[in-house]
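One letter stands for each residue in the lines below.
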Amino acid sequence: MSFDSDASSQVGDHRSFRQITRDRLLFEMLRSTRKNSKSTWKVLIMDKFTVKIMSYACKMADITEEGVSLVEDLYKRRQPLPSLDAIYFIQPTKENIVMFLSDMSGRSPLYKKAYVFFCSPVHKELVAQIKKDSSVLPRIGALSEMNLEYFAIDSQGFITDHERALEELFSENAEGSHKYNACLNTMATRISTVFASLREFPRVHYRVAKTIDASTMTTLRDLVPTKLAAGVWNCLAKYKMTIPEFPQTETCELLIVDRSIDQIAPIIHEWTYDAMCHDLLCMDGNKYVHEVPSKNGSATEKKEVLLEDHDPVWLELRHAHIADASERLHDKMTHFVSKNKAAQLHQARNGGELSTRDLQKMVQALPQYSDQIDKLSLHVEIAGKLNTIIREQCLRDVGQLEQDLVFGDAGTKELINFLRTQLGVSRENKLRLLMIYAALNPEKFESDKGAKLMQLAGLSDDDMIAVNNMRCLCGPDTKKSTGGGFTLKFDVHKKKHAHRKERTGEESAWALSRFYPVLEELIEKLSKGELPKDEYNCMNDPSPSAHGLPTSSSLQTSPAHSMRSRRTGGTWARPRGSDDGYSSDSVLKHASSDFKKLGQRIFVFVIGGSTRSELRAAHKLSSKLKREVILGSSSLDDPPQFITKLKLMSADELTLDDLQI
């Protein structure tokens, strides 16, 4: 039996963050069991958490290819398979160890041999508990720490699965709660396993507490980034001593912030195709259910699809403005028809426009076109549905006022006029408008003005809770704004001004594209070494002159392993056309071969939930800065989810059934 702290990982320079995660699970874990195993096929056993880790990074076909014939739940009753070896990928908890020992001890174990992989560091007492059982020891083929306890939700994004972080860390009840420390400790461990997987040792920057002066009490809520940075730092210090080939000097940047840096990004309407899909459609994660013609052609049937990276149309359009995406889909469909004689023939026969449904029926007999038209018609349908919702809910008017409020082109007068005249706007959209207004003008909600606005909008008491709980996300106010963030300001004589500056040199042809998340600005400052020193500290400042940040010259002389040829996030440019009647949609192929010399990675972690606009910024800035930007967070929230979580911060008075979203 070997007890490895972590096997050495061959970090291929061209691989994305998610690809490295996938390869570690498939090759470093599953394939490594082949060496000493006589069993061709194996059983893979996971708990609920590790099942999620695996499903975000790998497909079932990938797992089967590595010799796994059966995937089982650790806590479900399982059939004994004494002729097969088992691979356990589990969290190192007491309960999981008890289940494992129950499987493998005694005269009749469930499996022939067990290869055990823990997703995070295991306590010595648990190892001792395993070693105590003399019947189990000879049956263990490997006992190893994978140090991989995060969900790779995107090629450049991960979450730690702390859906209740807002409630546990920032609510009024967070002070002195045992959940506060438990949440921070687990979060720190999971963030650290990202660096274990990538063999990266970061400079750990964090937003400092915003205490006004020495006489002001610093709250536990305000200390969240500081405490998390310390937790991550402690884990990394252990990795330096225990993981082979773990860097001993800094190779990248990590910035830890919380949701208080930008209260508007989670609420405002984001107009890209990806964000609109998740905001306006009833999707379960990345699953979208749509109707397609049945094979007999007489009716329709429901089909579940995943909007993910394997779909080249999605990959190309997800970060495009909804209007741009709609135009490009129309062009693709027209191009498809013009390049395919069968489609032209059908169009001529019917003497008019070719509908999506007609195309679907037509190509059922043409297998060489079916995959292409399926993907195109899916996205044409989705874009059509989104445009209908935008029109029916008057979202262009809502979005215009949202952005005018943020950029200082509208104020109280315009908001009141909008609420009085726009009767077709939904309650949720009025709530979102008022939450943006409250974040920008908190002093208005100190008097009865806020209540009158809520009354005018026809909002409920629990809607008011969501507005009030935004205040919990901010510590004491300082005299100047924190990096463009929206802290509570109680200056009643404040003059009307823009709360976010216009981005120069980034004019868009599309309306409602002015808004950008504050995080975008912070990442650019971090890259240049210009983070405000009074607002952001570094745990491991290497020298007084460097302030823990690489200058442009220091990047050129970094160690060889921290300069990588990695893919960029370059799906922003319009793709090259092709003559196959499909036109994208060489994006997948193009993305995998488009390598550029990149500098040190930049990691940003947002406590309290990140947004799709912030994930988009990570992709965009990777191309712009020539550095792979990886966004992490406790969760990835769309506006309805974020509003629900704000309401749950006062869960003493509320249950999920009471909430109206």
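Residues numbered from 1 in each chain as written. Predicted model: local features only at pLDDT ≥ 70, side-chain atom pairs only at ≥ 80, totals over all residues. Heavy atoms only, no water.

- As named in an unreviewed UniProt entry, the chain is SNARE-interacting protein KEULE, taken from Panicum virgatum.
- Quoted verbatim from the Sequence similarities (unreviewed entry) field of the UniProt record, the comment on the chain reads "Belongs to the STXBP/unc-18/SEC1 family." (UniProt positions renumbered as here; feature names shortened; annotations may be inferred.)

### Topic: the overall build of the chain
Right, so step 1: Helix and strand counts for the chain stand at 24 helices and 17 strands.
Right, so step 2: Burial statistics for the chain: of 661 residues in total, 56% are counted as buried.
Right, so step 3: Partitioning the contacts of the chain with sequence separation of at least 6, the portion at a separation of at least 24 is 79%.
Right, so step 4: Element-wise, carbon and sulfur atoms account for 51% of the exposed surface of the chain, whose accessible area totals about 28,900 Å². (Helix = DSSP H or I, 4+ residues; strand = E, 2+ residues; numbered from the N terminus. Buried < 20%, exposed > 50% of the residue type's maximum accessible area, 1.4 Å probe, protein only. Contact = heavy atoms within 4.5 Å. Areas by Shrake-Rupley, 256 points an atom, 1.4 Å probe, with all protein chains shown as cover.)

### A word on the pattern of salt bridges
Right, so step 1: Tallied over the entire structure, the rule returns 39 salt bridges.
Right, so step 2: Ionic pairing is found between Lys332 and Glu316, a salt bridge with its closest N-O pair at 2.9 Å. Of this pair, Lys332 sits in helix α11 (residues 322-339) while Glu316 sits in helix α10 (residues 312-317), placing them 16 residues apart in sequence.
Right, so step 3: On the accessibility criterion, Lys332 (4% relative accessible area) is buried.
Right, so step 4: Ionic pairing is found between Asp638 and Arg612, a salt bridge with its closest N-O pair at 2.6 Å. In this pair, Asp638 sits in the loop between β17 (629-633) and α24 (639-648) while Arg612 sits in helix α23 (residues 612-625), placing the two residues 26 residues apart along the sequence.
Right, so step 5: In this structure Asp638 comes out as buried when scored by relative accessible area, which is 9%.
Right, so step 6: On the basis of relative accessible area, Arg612 is assigned to the buried category, the value being 14%. (Salt bridge = Lys/Arg side-chain N within 4 Å of Asp/Glu carboxyl O.)

### Some remarks on the packing of helix α17 (residues 427-440) against α24
Right, so step 1: The geometry of α17 relative to α24 is characterised by a closest axis approach of 12 Å and an angle of 70 degrees between their N-to-C directions. By the angle class used here, α17 and α24 are roughly perpendicular. α24 is crossed by α17, and the crossing has left-handed handedness. Contacts between α17 and α24 involve Glu428, Leu431, Arg432 and Met435 on the former and, on the latter, Pro639, Pro640, Ile643, Leu646 and Lys647.
Right, so step 2: Split by residue class, the contact of α17 with α24 holds 6 nonpolar, no polar and 3 charged. (Axes fitted to C-alpha atoms, helices over the stretch in contact; angles between N-to-C directions. Parallel < 35°, antiparallel > 145°, perpendicular 65-115°, else oblique. Left-handed = near helix turned anticlockwise from the far one by under 90°. Nonpolar A, V, L, I, M, F, W, Y, C, P; charged D, E, K, R; others polar.)

### So, the nonpolar core
Right, so step 1: Grouped together as the largest cluster of nonpolar side chains are 131 residues, with contacts concentrated most on Phe89, Leu169, Leu228, Ile256 and Tyr273.
Right, so step 2: A per-element tally of this core places helix α7 (residues 178-198) first, with 10 residues.
Right, so step 3: With 24 residues, the next largest nonpolar core counts Leu110, Leu126, Ile130 and Leu143 among its residues. (Core = buried A, V, L, I, M, F, W, Y, C linked by side-chain atoms within 4.5 Å.)

### Quick notes on the side chain of Ser634
Right, so step 1: Residue placement: Ser634 occurs in the loop between β17 and α24.
Right, so step 2: For Ser634, a relative accessible area of 0% translates into the label buried.
Right, so step 3: At a separation of 2.9 Å, a polar atom in the side chain of Ser634 contacts the main-chain amide nitrogen of Gly608. (Polar contact = N/O pair within 3.5 Å; in protein donor to acceptor, adjacent residues only side chain to side chain.)

### Overview of the sheet that holds strand β16 (residues 602-607)
Right, so step 1: One open sheet holds the 7 strands; their spatial order is β7-β8-β17-β16-β10-β9-β13, and the pairing between them is mixed. For this open sheet the edge positions go to β7 (151-154) and β13 (536-538), each flanked by a neighbour on one side alone. Taking each pair of neighbouring strands and ignoring which way they run, the sheet shows an average axis angle of 25 degrees.
Right, so step 2: Across 5 bridges, the pairing between strand β9 (residues 202-207) and strand β10 (residues 252-258) is parallel. Opposite Pro202, over in β10, you have Cys252 as the bridge partner.
Right, so step 3: Against the sheet, α7 contacts β8 (157-159), β9, β10, β16 and β17, and its axis sits at roughly 165 degrees relative to β16.
Right, so step 4: On the sheet, helix α20 (residues 518-528) packs against β9, β10, β13, β16 and β17 and is oriented at approximately 140 degrees with respect to β16. (Pairing = 2+ DSSP bridges.)

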